[in-house]
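# Observations on chain architecture
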Amino acid sequence: GNPKTVGRGLDKREKSSLTATKVVQLQQALPRARVVYCSATSVSHPKNLGFMSRLGLWGYGTEHPMGFNQFLDGLKRLGTGAMELH
């Protein structure tokens, strides 16, 4: 689901959904397991793709080796057409 905003003022931050948190925990517990991601919510807002680390779109050996934030910056720079992944 969508991240929830918690806190106020300078302490305001986004809190991951329970589902995203559990997906990350499963991926960490089972590093060699294959996964299938299925979520319309996640792709409606690129920042919600963060828990889908096994897509191979960011990290070592990719176009975005510095991680997810570099990937997000690239999407913002390229616009909505960049979301059409094949």
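Fair warning: this is a prediction, and the values are worked out from it, not measured in the lab. The residue numbering used here restarts from 1 in each chain and proceeds along that chain's sequence as written. The model is predicted, so local features are restricted to residues of pLDDT at least 70 and side-chain atom pairs to those at 80 or more, both for listing and for counting; the totals for chains, interfaces and linings are taken over all residues. Excluding hydrogens and water, the side-chain figures rest on all heavy atoms present in the structure.

## Regarding the overall build of the chain
Secondary structure elements are taken from DSSP: a helix is a run of H or I of four residues or more, a strand is a run of E of two residues or more, and numbering for both begins at the N terminus. Counting secondary structure elements, the chain contains three helices and two strands. Each helix and strand of the chain, placed in order from N terminus to C terminus, yields the pattern β-β-α-α-α. Counting the 86 residues in the chain, one finds 21% classified as buried. Taking as baseline every contact in the chain between residues at least 6 positions apart, the subset at least 24 positions apart corresponds to 28%. The Shrake-Rupley method, run with a 1.4 Å probe, gives the accessible areas here. Residue values count only the displayed protein chains as cover. On the chain, roughly 6800 Å² of surface is accessible, and the fraction owed to carbon and sulfur atoms is 55%. Note on exposure labels: buried denotes an accessible area under 20% of the residue type's maximum, exposed denotes more than 50%, and partly exposed covers the range between, all computed with a 1.4 Å probe on protein chains only. Here a residue-residue contact requires only that any non-hydrogen atoms of the pair lie within 4.5 Å.

## So, the nonpolar core
Only buried residues count toward a nonpolar core. Its members are Ala, Val, Leu, Ile, Met, Phe, Trp, Tyr and Cys residues joined through side-chain atoms within 4.5 Å. Ala20, Leu49, Phe51, Met52, Trp58, Phe68, Phe71, Leu72, Leu75 and Ala82 together form the largest nonpolar core, which totals 10 residues. With four residues, the top contributor of residues to this core is helix H3 (residues 68-78). Ignoring anything within four residues of it in the chain, the contact list for Leu72 reads Pro46 and Lys47.

## Here's the deal with the side chain of Gln27
Following the sequence through the fold, Gln27 ends up in helix H1 (residues 18-29). In this structure Gln27 comes out as buried when scored by relative accessible area, which is 9%.

## Details of the packing of aromatic side chains
Note on aromatic contacts: the rings of Phe and Tyr and the six-membered ring of Trp form a pair at centre separations within 6.5 Å, being stacked when their planes are under 30 degrees apart, edge-to-face when over 60 apart, and tilted otherwise. A full pass over the atoms with the stated rule returns four aromatic pairs. On the numbers, 6.2 Å between centres and 85° between planes, the contact of Tyr37 with Phe51 is edge-to-face. With a gap of 14 residues between them, Tyr37 in the loop between H1 and helix H2 (40-44) and Phe51 in the loop between H2 and H3 connect regions that are remote in the sequence. Members of the aromatic cluster, each reached through a chain of ring pairs, are Trp58, Phe68 and Phe71.

## Remarks on the environment of Ser17
Tracing the backbone through its elements, the reader meets Ser17 in the loop between strand S2 (13-15) and H1. Taking the C-alpha atoms as reference points, Ser17 and Asn48, 31 residues apart in sequence, are found 9.5 Å from one another.

## A short note on the confidence of the model for the chain
Close inspection of predicted coordinates is inappropriate for parts of the model with low pLDDT. Overall, the prediction assigns the chain a mean pLDDT of 80, with 76% of residues at 70 or greater. The predictor reports its confidence for every residue as pLDDT, a score running from 0 up to 100. Averaged over each element, pLDDT in the chain is lowest for strand S1 (residues 4-6) (51) and highest for H3 (91).

## As for H3
Owing to its 3.6 residues per turn, the α-helix brings residues three or four apart onto one side. Listed as buried for H3 are Phe68, Phe71, Leu72, Gly74 and Leu75. Buried positions in H3, seen along its axis, are confined to an arc of 160° and lie on one side of it. In H3, the exposed positions that point more than 90 degrees away from the buried face belong to Asn69, Lys76 and Arg77. At the C-terminal side of H3, Gly79 shows a positive phi close to 90°. It is the directions from the helix axis to the C-beta atoms that the arc portrays.

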